[in-house]
There are 2 protein chains.
Amino acid sequence: MNEKTILQFERIFPGIWRARVCANTDTGGMGTSLTAFYKHEPRTEKLDSLPEAGFPFDGAPGGEAFCQSDGDAGTVICLPLRLSERLYGLGLNYQRLCVNYAARQLRCDHYGGQDNGRTHIPAPFYVSDRGYAVLIDTPEPVSFYMGSSVRRDAVNPPPEIHRFREKGWSAVTPAEYVEASFAAGGCDVYVFAASKDSKSPMRDAAARYNLWSGGGFIPPKWGLGMWQRVSGYADGEDVRAEAAAFEEHDMPLSVIGLEPGWQTAAYPSSLDWDEKHFPDHKSLMAELASKGIRLNLWENFFISEKSTLYDPVSPYCGSHKVWNGIVPDLGSPEAVEILSRHHKKLAAEGVSGFKVDECDGFDGWLWPDHASFPSGLRGITMRAIYGAVLQRMQDDAFRSLGRRTYGLVRASNAGAAHLPYVIYNDCYSFPQFLTGTASAAFCGALWVPEVRDASTPREWARRFALSALSPILMLNAWASGAKPWKFPEIEDTIRSILRFRQSIAPALYNAFRGWYEEGIPPFRPLCMDWAGGASEKGGELDDTENPYSLGELLDVTDEYLIGRDLLAAPVAPDSDTRRIILPPGEWYDFFTMERVENSFTREFALDEIPLYVRGGAVVPTLGEDGALVLRCCGREGEGIIYDDDGESFGYERGEYSLIKVIFADGRADYTVESHGYEPGYGDLRFVFSRD
Amino acid sequence: MNEKTILQFERIFPGIWRARVCANTDTGGMGTSLTAFYKHEPRTEKLDSLPEAGFPFDGAPGGEAFCQSDGDAGTVICLPLRLSERLYGLGLNYQRLCVNYAARQLRCDHYGGQDNGRTHIPAPFYVSDRGYAVLIDTPEPVSFYMGSSVRRDAVNPPPEIHRFREKGWSAVTPAEYVEASFAAGGCDVYVFAASKDSKSPMRDAAARYNLWSGGGFIPPKWGLGMWQRVSGYADGEDVRAEAAAFEEHDMPLSVIGLEPGWQTAAYPSSLDWDEKHFPDHKSLMAELASKGIRLNLWENFFISEKSTLYDPVSPYCGSHKVWNGIVPDLGSPEAVEILSRHHKKLAAEGVSGFKVDECDGFDGWLWPDHASFPSGLRGITMRAIYGAVLQRMQDDAFRSLGRRTYGLVRASNAGAAHLPYVIYNDCYSFPQFLTGTASAAFCGALWVPEVRDASTPREWARRFALSALSPILMLNAWASGAKPWKFPEIEDTIRSILRFRQSIAPALYNAFRGWYEEGIPPFRPLCMDWAGGASEKGGELDDTENPYSLGELLDVTDEYLIGRDLLAAPVAPDSDTRRIILPPGEWYDFFTMERVENSFTREFALDEIPLYVRGGAVVPTLGEDGALVLRCCGREGEGIIYDDDGESFGYERGEYSLIKVIFADGRADYTVESHGYEPGYGDLRFVFSRD
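Criteria and thresholds
Residues numbered from 1 in each chain as written. Chains lettered and ligands numbered in written order. Predicted model: local features only at pLDDT ≥ 70, side-chain atom pairs only at ≥ 80, totals over all residues. Heavy atoms only, no water. Contact = heavy atoms within 4.5 Å. Buried area = accessible area lost by both parts, 1.4 Å probe. Salt bridge = Lys/Arg side-chain N within 4 Å of Asp/Glu carboxyl O. Polar contact = N/O pair within 3.5 Å; in protein donor to acceptor, adjacent residues only side chain to side chain. Helix = DSSP H or I, 4+ residues; strand = E, 2+ residues; numbered from the N terminus. Nonpolar A, V, L, I, M, F, W, Y, C, P; charged D, E, K, R; others polar. Pairing = 2+ DSSP bridges. Buried < 20%, exposed > 50% of the residue type's maximum accessible area, 1.4 Å probe, protein only. Least-squares fit on C-alpha atoms with pLDDT ≥ 70 in both. Domains from an automatic or database assignment. Phe/Tyr/Trp six-rings, centres within 6.5 Å; stacked < 30°, edge-to-face > 60°. Lys NZ or Arg CZ within 6 Å of the ring centre and 35° of its normal. Axes fitted to C-alpha atoms, helices over the stretch in contact; angles between N-to-C directions. Parallel < 35°, antiparallel > 145°, perpendicular 65-115°, else oblique.

Visitor: Just give me the short version of the interface of chain B and chain A, but keep the residues and values in it.
Guide: One widely used convention gives an interface's size as the accessible area the parts lose upon coming together. Every contact between the two is made by 86 residues of chain B and, on the other side, 85 residues of chain A. Here chain B and chain A share an interface that buries about 7,200 Å² over both sides, 51% of which is from carbon and sulfur atoms. Area buried by chain B at its contact with chain A is led by B:Arg152, B:Glu160 and B:Phe164, which between them contribute 12% of it. Applying the counting criterion to the chain B and chain A interface returns two salt bridges. The partner of A:Arg165 in a salt bridge is B:Asp274, with the nearest N and O atoms 3.9 Å apart. In this structure, the connection of chain B to chain A is made through 44 residue pairs in polar contact (both at pLDDT 80 or more). Elements with a minimum of two residues in the side of chain B that touches chain A: β7 (103-105), β12 (143-146), β13 (150-151), β14 (177-182) and β19 (320-321) of chain B. Class assignment for the residues of the side of chain B that touches chain A results in 35 nonpolar, 29 polar and 22 charged. Across two bridges, the pairing between strand β13 (residues 150-151) of chain A and β19(B) is antiparallel. Bridge pairing links A:Arg151 to B:His320 in β19(B).

This is the structure:
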């Protein structure tokens, strides 16, 4: 192997360092950075106001961080690791959270049922419970060895133990380094650290990464309502009928999503309105808007010969077709500009956002890894940036109109926290949906556990309840045409879940404000804030199930935190009971406002949603009368309730309002701070918990 | 993408062509060939005697085979494909056989529950039902796109159809080419074709490939008996007790396998006998041999500091350790020579063979892909050759002693048909074990569906029955210490299955002769000989299970052929009944000798093993009295019964015997041809089928 070069880290913000690894300094630029293709500017002001932090690799027992480069053929980055560390991240995972000892070749792909590195978000990024995070900023697929690969020159090699003649043998031999390798000569390595006194070091390290990524975003308020995707066969009249049916059933509806059938060609796509089936799409959108309903359009970016985009974009497309469509080169500014103009037009006509399908992969129909593109990007690197560049392109189109968007996408990557998209896929496992809702935080992203179908009313209700506690509450009925009232016997339950979602919108909005202002993921696993929930599963030898007697760290994967103060614990579709684990401290039932134990098991009716409030918190909710109801939990505490116009980018320019609340012993005081925006709620009421 | 270069194929044998793709002709040699690391010499004489065949790519509608090379950075090979073709292969698969439209990045790894390219045998090889096979001979991991990637410059692009507004849309857009790509500048491409009049074109194309690989092998006769692996904690006395227990239970035993505990160090391994627990291993082996029992030793090749091999091999090891052991560089002739000397010594002392564990992968503990080795091979390419080079090294050690070996290994690769090893792993799914037994033929390999455990007596019996119809009948009780008589209530059933295995040994031996002489895989799927068994499953839209409405070709995966004349259809562990499908023509029940229908469903008792004989065949079996019982099925037919000394390499020098049988209407004639070897059976009896 080639010479070791000690990585030279320079401090670029408090608690953020960068080392440039570049075999060929002539090339530089975009080719060596993944995030440069789409990332927003770091939140410089925020970052500069954070406390400094110690460099996490100082004094590592195994030595300093280093790299070994083989010119343009390959690079290995070695990052110190201590024995006791727990590591998280490496893309969007659905089953387990801790990635210690994992070896993963990250690449953009649909989730195939295994957390094996093929992921919708192949972010070359991980977080350590020692309070730091690492980003290997390259568009090449990165292979990570999370402390599993012991080097021959290790300073502290593990001891040799005879598996059958001595005690204490383990199939795991811990290494002093995380090793990351990729097939190119250069990249930037970033390290993000939490300050020394952080109580949630993983969360705070990840938050600096998110602020460096541009901060999180605040969705438009309509994005937090109910989304319904209609059948791919629907035409304009069907859409009107859908809106009317929701009204008739007295169910709130905020977004209608059109599937591929809105276009003149689909698979490949034209991205042009089909005037035959949607003869008046502009007035249709105006009509819907008058009822508070927005339109979202399905897309993929394999362009049909029938598209108005075909001729202009054709010179900037790759060597292979997908579903008979040509594939725009998203490394080409010309291609991005052509798509951007088109999306600006669609947005200006009234479209609220897009569902960007099939940009993740599924090898059997995406372009091959060796496909070539005019910009010089190869198929495999194009795949790494595709979803994120499309998000950025669309976000920019809406930004130019001064309107926020909120969309769905199947692929993203590192450094995309600021892009207002939520990941979805074709999986439909409830436990994996639940875990994904939490674990997306480890890549600075959001995940939607959408509702599609159910075999029982109970499953239907439990799935709606999970979706109601997620970034988007959505029924995706593109194939089945299902409605929320599919099971008449629980129509009331579903209606109450949809209204519950409306009632917690202010709390979700507050959580997103933390995402934007502080980089704190609005939905995140317990372990990100609190390490105490995990349990160790001992490694019992079993010749058919566990021949290597491997132990496991079982993090809590069926609960998650929302914002600073809420904890959700959705009930499984086949169950009426579940165990709830709450971190140390006081917790209150969101609905009854009664104090609960930190660990208990109980039954939940179909309309009961396990949601808990941290003691000392003020949770803003919306009363049925439109009043802002502030739920104060515990004997005393405080809270800040954020609001803005919910549509524009005024909030980025400082136009928002804060209601600052202090409460104690059943009495509350508050002040309103208006920064160029008056809070939009009606009356203001306080509700206090009962201890 | 770079310029297309038409591949220049030269005929090297009848029906075999090679095109050399080499960007850098200076390097050449081993670095550009996978199989050169371990392959045997082609069976020149056999190959030259085969009829010529038409070059399969002549007149392909999409154009000629070509490559595009990007210097040492990458190569794409494009091989013509017709719409109607069915493709098979791409490594050892356990679930489906047909690989049309698959995109697979092949790499050596354990089977993780999905046929996704990570496989014990990442052979860059496929077979077409048009009667040809292709090998991309490179040690680099190859990505295959099996007709799923449509190029923009396609001559016959598929039509555009609106998914929701027209009929006939399909998620699959068939391409004119198979595309194969890898990250290096050169390789050899081989094409193997069946002759024009072949009735089983896939089988015959694969057979030429196997003969090119050196032909299959004939195992030592003891290899076809019962194998029992003892607990890893066993010492010499335990081994004696094990042999005695089999005698006591009147169960045949041919091989005892020792697990890691035979060594002074294990995980990492010393590969040195532990004299404390095996103080007299040489006399132990002699004792066992006197009872007809051989010893097989478990190994992995991560070398302990305590090993006598450590100092000599240390200069020829890689940059990383595995389980605290150093990793010999198998691209280094010095390292291979050191290991070879050691194995020759172990073999000379009486060991019959080895079980080579953990050479396949499992990323979490193998060396990383970027590991470096003194020979210049990188970790990822080392992984591709590791298992096959170890097989070759051991086979050579036994060859130098004039004795055949037969062993177990977890990894192999293309062109290894001549190496006398059977693949195993940690999976324990019965249907996947069954499919693997058949599908291994598509990479010129063998698979063992070993018995490890069972939760019911029925499962125990069904698993033994499957293993009895496989390359090795084995109980692998290394962890549980289980014995065949684990369930006393079916001890008689298990005994009868073990004896059944003894009785069919001559038939299996005959099948292996076809493997050696003709390259015909002794165990292979029905579709290799007969295309008619497959069924199409229509693609029904299902938003949770099949959102792309994909159809499937369902080959028969739960039956397989043994040699030319037998068809096995093992019964599932949780079932008493199964459906049997037999190819066109007459078939007979092996046991009752009665004619059966070509398709039927029936019940099978635990000691009934669904095994069928082709009409017109003569199947050699061993009677309980030691007589050679020749089962003649149908009104008339013929057969050739092969025999040799079962131990030496005399058969390769032409020392064997053939009994040639012709039968009709209940009468048979035979002649014996002895080529320096007299058939070793006692009496000879004929049994005739009843129509």
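Visitor: Tell me about the side chain of A:Arg410, residues and numbers included.
Guide: By secondary structure assignment, the location of A:Arg410 is in the loop between β22 (407-409) and β23 (421-423). With a relative accessible area of 2%, A:Arg410 lands in the buried category. At a separation of 3.0 Å, a polar atom in the side chain of A:Arg410 contacts the side chain of A:Asp426. Among residues more than four places away in sequence, those in contact with A:Arg410 are A:His110, A:His120, A:Val356, A:Asp357, A:Glu358, A:Cys359, A:Asp360, A:Ile423, A:Tyr424, A:Asn425, A:Asp426 and B:Tyr548.

Visitor: Describe the relation of the copies chain B and chain A, naming the residues involved and giving the relevant values.
Guide: It takes a turn of 180° to lay chain B on chain A, together with a shift of 0.0 Å along the axis; the resulting RMSD is 0.0 Å. Such a turn and shift between the copies fits a two-fold axis. Ranked by how close their C-alpha atoms come to the rotation axis, the residues of chain B are headed by B:Ala73, at 3.9 Å. A high fraction, 99%, of the interface residues of chain B reappear at the interface in chain A, so the copies pair face to face through one surface.

Visitor: An account of the domain arrangement of chain A is requested, with residue identities and associated values reported.
Guide: Residues and elements named next belong to chain A. Split by domain assignment, chain A resolves into domain 1 (5-212), domain 2 (226-518) and domain 3 (615-691). Buried surface at the junction of domain 2 and domain 3, both sides included, amounts to about 1,600 Å², of which 53% is carbon and sulfur. Note that glutamate 647 is salt-bridged to arginine 294, the shortest N-O span being 2.7 Å. At the boundary of domain 2 and domain 3, one finds 11 residue pairs in polar contact (both at pLDDT 80 or more). Secondary-structure elements contributing two or more residues to the side of domain 2 that touches domain 3 are α7 (379-400) and α10 (491-518). Partitioning the side of domain 2 that touches domain 3 into residue classes produces five nonpolar, five polar and five charged.

Visitor: Which residues make up the packing of aromatic side chains, and what are the values?
Guide: The tally for this structure, following the rule as stated, stands at 107 aromatic pairs over all chains. Between A:Tyr642 and A:Tyr656, the aromatic rings sit 5.6 Å apart at their centres with planes inclined by 40°, giving tilted as the arrangement. Of this pair, A:Tyr642 sits in strand β37 (residues 636-643) while A:Tyr656 sits in strand β38 (residues 656-664), and the two are 14 residues apart along the sequence. The interplanar angle of 65° and the centroid separation of 6.4 Å between the aromatic rings of B:Phe512 and B:Phe523 together place this pair among those described as edge-to-face. Taken together, the residues span a long stretch of sequence, with B:Phe512 in helix α10 (residues 491-518) and B:Phe523 in strand β24 (residues 523-525) at a distance of 11 residues. Residue classification places B:Phe512 among the buried residues on the basis of a relative accessible area of 1%. Linked through ring pairs, A:Trp169, A:Tyr548, B:Tyr267, B:Trp298, B:Phe302, B:Trp323, B:Trp365, B:Trp367, B:Phe373 and B:Tyr386 together constitute an aromatic cluster. Of note, A:Arg43 hangs over the ring of A:Tyr516, and the distance from its end group to the ring centre comes to 3.9 Å. In this arrangement the basic side chain of A:Arg463 is found over the ring face of A:Tyr428, its NZ or CZ atom lying 3.5 Å from the centre.

Visitor: Any details on the pattern of salt bridges? Residues and values, ideally.
Guide: Residue and element names in this part refer to chain A. This model, assessed by the stated rule, comprises 118 salt bridges over all chains. Aspartate 492 is the salt-bridge partner of arginine 495, the closest N and O atoms lying 2.8 Å from each other. With arginine 495 and aspartate 492 both in helix α10 and three residues apart, the pair spans about one turn of that helix. Residue class for aspartate 492 comes out exposed when judged on its relative accessible area of 57%.

Visitor: Could you give an account of the sheet that holds strand β1 (residues 5-6) of chain A, with specific residues and numbers?
Guide: All names here are of chain A. With antiparallel pairing, six strands are arranged side by side in an open sheet as β1-β4-β5-β14-β12-β7. Looking along the sheet, the strands with just one partner apiece sit at the ends: β1 and β7 (103-105). Note that β7 and strand β12 (residues 143-146) share three bridges and pair antiparallel. Of the residues in β12, the one forming a bridge with alanine 103 is tyrosine 145.

Visitor: Tell me about the packing of helix α2 (residues 201-212) of chain B against α10(B), residues and numbers included.
Guide: Residues and elements named next belong to chain B. Two elements in contact, α2 and α10, have axes separated by 8 Å at closest approach and are oriented at 75°. When the interaxial angle is binned, α2 and α10 end up roughly perpendicular. Only Trp515, Tyr516, Glu517 and Glu518 of α10 make contact with α2, whose side of the interface consists of Ala207, Asn210 and Leu211. Class assignment for the residues of the contact of α2 with α10 results in four nonpolar, one polar and two charged.

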